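# Descriptive analysis of the structure
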Amino acid sequence: MKLLNLLTSVYLIIIMLALLIGGFFIYRKLGAEIDFELGMELDRQIEAYAERIRQGIPPEALVNERLEINELPFQLEEENLSIRDTIAYHDPLSREEKQLKASRSFKIENKHYRISYYNLVVEAEDITETVVYTMLVVFFIQLVFLGLFFRGISNWILRPFQHTLQEIQQFNFQTNKPLRFQESKVSEFNHLNEFLERMTQKLLKDYRQIKEFSENISHEIQTPAAVVSGKLENLMNLEMTEEQAHLIYSAYQNNERIHQIVRSLSLLAKLENEEFEPPSEIDLSKILIKNIELLSELITLSELKLQTEIKPQVLVKMHPFIAEIMINNLLGNAIKHNYKGGWIKIHLDSQQMIIKNSGSSLQNNPSELIERFKKESDKPESVGLGLAIVNQICKTYQFSFGYATDVSIHTTTIDFK
Amino acid sequence: MKILLIEDNQELTQNIIQYLSHEGIICEVAGNLFDAQDKILSFEYDCVLLDLMLPDGNGLSFLEILKKLKVRPNVLIISAKNSLDDKINGLDLGADDYLPKPFHLSELLARLKAIYRRSKLSGSDEVNFNEIAIQLQNLQAKVHGKPLDLTKKEFDLLVFLITNKNRVLGKNAIAQHLWGDYTDNLPSFDFIYQHIKNLRKKIAEAGGNDYLTTVYGIGYKFGEPQS
């Protein structure tokens, strides 16, 4: 729900409530006021009749359908004005109607008269109708004003906020620019903008530092590791006993693993930092075929049956270097986690790439193998980052990556969307 | 062959000098760009091994200086800054090859010799070892003049072995030479064994000597059998 719509609806609900409550009080006040005024009017009428009796007109001559004059015993106290509702026959309408009756007694020339005067009451329905009508008019006027002015004005007030939202949406690490906002007249917006400016500056700084760190760490670890490699290589070429050879080999192997891990981690970091913008669409079919050729000797040596179904000219937005790593990793896995006489099936079309291969059934959950440093085999030359890299590549390019096993069939699927 | 090594890490420098000197390669060292400029202007080199992160600047700027020389040496960039941009920039600026650190010394030697062969011996692009003759241009290997039927990888392997003759080559070095950096998920050692076995067989069938020895399971060595 948009903020403006929310504000409008809340405002409308509040107006409705206010009108309802207001209407109720207006209804009550209006009723009371009408009754009071009517009573005053009846009182004046009674007073006028009393005056006429005083002037000597016999009361019998005055009586009409609205007027009632009774004689009371003289010794009774003079009654004050009393007003009450009553149902009485109404001539012009020829039916019983709710009427207001005012009565008062007067002592005129030794006689005590009670004069009662009736009048039609303004009916409750009429008052309700009036009140509801008035309130509805007010409500519609409000609605029109809301539509014309409130929304426009709110939009105008919220414009800096909308602008801020847009800026945040467009923020990315590649452009390397912290957000900058125009000064707003609303201090809350200025606070928000200030905070966002500071935050994006901090984000970019951290991002740069992480980037530098990942570059530096690969340099800082690789240099000493390279020195160690070189020393061991030179050592291998000196006279050595078998025991020494095994020690050297073990050291050399483990040093190689350090190389592998650092190289893979720095690649992962680069992918996470989105350092590889897709320059243009590349022909994945060509890259796939090229990589299959590069590995074809291995496939033959492993006595694997290869079945390919590759549509030509599958264009994907991806960095060619990354595409090679991805394919190389997947094909490598398909060859490695296979058995002699097994098979590999490769399928590529414009929607997806599927690589299926035979292999032993897994002990681990397939989704766990996608995580870093999780591996099924205990082969020392594997560091367990292959699928993590493929997964990260797919995340970077917003492909969906799936890895599933069905007893002895391993399937990796990449949907390009 | 005479090369100039521009590298600030002394240990690495020592490793390289030690490995290359066995091949009769004369290696002079400059620890920074200033010394390197001095040397390149006073002497002639066949090849420059250039590190990019140097104490007094980026090695890429050195490529500009090399451009102005009358006789331009070949350049092999060796850098730990394994970034794609550096590789592309370096090759654009006239470097002949780019080898990311950490590298195997055997790989360095192979690349160095390949560059050297390409530029200096472009006519007679041949590698010989006793009865084995390899023509790199048309990917042909002959034993006693008889052509061997080698696969692409077997051919690469043979060239790599002969280039590093009499040296122990670790399995990892061979794997990376044949399949590149991302050999992580290949059961490469089994394949190396297979390739070596096939290569041996093919050379023997053509009447060649068996020059390949296994060194305590570390790796392989190609050279005159020691008596």
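This write-up is about the structure you can find in this document. All values derive from a computational prediction rather than experimental measurement.

Below, the discussion takes up the overall build of chain A. A tally of helices and strands in chain A yields 9 helices and 11 strands. Sorting the 417 residues of chain A into buried and exposed places 40% on the buried side. Long-range pairs, those at least 24 residues apart, make up 65% of the contacts in chain A with a sequence separation of at least 6. When the accessible area of chain A is evaluated, it comes to approximately 24,400 Å², of which 56% is carbon and sulfur surface.

On to the sheet that holds strand β2 (residues 26-30) of chain B, then. Within a sheet, neighbouring strands are paired by backbone hydrogen bonds and run either parallel or antiparallel to one another. Residue and element names in this part refer to chain B. Reading across from one edge, β2-β1-β3-β6-β7 is the order of the 5 strands in this open sheet, with parallel pairing throughout. If you trace the sheet from one side to the other, it starts and ends with β2 and β7 (97-100), each paired once. The mean angle between the axes of side-by-side strands here comes to 20 degrees, regardless of whether they run parallel or antiparallel. Summarising the sheet, strand β1 (residues 2-6) and strand β3 (residues 47-51) pair through 4 bridges and their orientation is parallel. Within β3, the position partnered with L5 by the bridge is L49. Docked against the sheet, helix α1 (residues 10-21) engages β1, β2, β3 and β6 (74-79), running at close to 165 degrees with respect to β2. The strands that helix α3 (residues 60-67) touches are β1, β3 and β6; relative to β6, the one it contacts most, it runs at about 175 degrees.

A few words now on the pattern of salt bridges. Residues and elements named next belong to chain A. Within the structure shown, the criterion is met by 18 salt bridges over all chains. With a shortest N-O distance of 2.7 Å, E41 and R44 are connected by a salt bridge. With E41 and R44 both in helix α1 (residues 3-54) and 3 residues apart, this pair spans about one turn of that helix. Judged by its relative accessible area of 30%, E41 falls in the partly exposed class. With a shortest N-O distance of 3.9 Å, E197 and R180 are connected by a salt bridge. Here E197, found in helix α4 (residues 187-236), pairs with R180, found in the loop between α3 (124-170) and α4; they are 17 residues apart in sequence, far enough to count as distant. The class of E197 is buried, set by a relative accessible area of 18%.

In the structure shown here, the tally under the stated rule is 11 aromatic pairs over all chains. Each ring, one from F139(A) and one from F140(A), has its centre 6.1 Å from the other, and the planes form 70 degrees; the classification is edge-to-face. By relative accessible area, F139(A) is classed as buried at 15%. By relative accessible area, which is 48% here, F140(A) ends up partly exposed. Three or more aromatic residues joined by ring pairs make a cluster, and in this case those are Y397(A), F399(A) and F416(A). The ring of F74(A) has K107(A) lying over it, and the distance from NZ or CZ to the ring centre is 5.0 Å. Note that K2(B) overlies the ring of Y45(B), its terminal NZ or CZ placed 5.1 Å from the centroid.

Nonpolar side chains in soluble globular proteins tend to end up buried together. Counting 108 residues, the largest nonpolar core has M318(A), M353(A), I414(A), L49(B), I134(B) and L158(B) as its most contacted members. With 9 residues, the single largest contributor to this core is helix α7 (residues 320-336) of chain A. L4(B), A36(B), L50(B) and L60(B) belong to the second largest nonpolar core, which has 21 residues in total.

Reading the values: rules and limits
The numbers attached to residues start from 1 for each chain and follow its sequence in the written order. In the order they appear in the text, chains get letters beginning with A and ligands get numbers beginning with 1. This being a predicted model, a pLDDT of at least 70 is required before a residue's local features are given, and a value of 80 or more before pairs of side-chain atoms are given or counted; all residues contribute to the totals for chains, interfaces and linings. Hydrogens and waters are ignored; side-chain quantities use all the structure's heavy atoms. In this text, helices come from DSSP runs of H or I with a minimum length of four residues, and strands from runs of E with a minimum of two, each type numbered from the N-terminal end. For the exposure calls, accessible area comes from a 1.4 Å probe over protein chains only, and a residue counts as buried if that area is under 20% of its type's maximum, exposed if over 50%, partly exposed in between. A contact between two residues is defined here by any heavy atoms of the two lying within 4.5 Å. Accessible surface area values rest on a Shrake-Rupley calculation with a 1.4 Å probe, where residue burial reflects the displayed protein chains alone. Being paired, for any two strands, means DSSP has found at least two bridges between them. For helices, the fitted line uses only the C-alpha atoms of the stretch in contact; every axis is such a line through C-alpha atoms, and the angle between N-to-C directions lies from 0 to 180 degrees. Throughout this description, the term salt bridge denotes a Lys or Arg side-chain nitrogen within 4 Å of a carboxyl oxygen of Asp or Glu. Pairing of aromatic side chains here covers Phe, Tyr and the six-membered ring of Trp, requires ring centres within 6.5 Å, and sorts the geometry by plane angle: under 30 degrees stacked, over 60 edge-to-face, intermediate tilted. Lysine and arginine charges are scored as sitting over a ring when NZ or CZ, respectively, is within 6 Å of the ring centre and within 35 degrees of the ring normal. Joining through side-chain atoms within 4.5 Å is the link that ties buried Ala, Val, Leu, Ile, Met, Phe, Trp, Tyr and Cys residues into a set, and such a set is a nonpolar core.

So, to be careful, I would describe these as geometric facts and stop short of saying anything about function.
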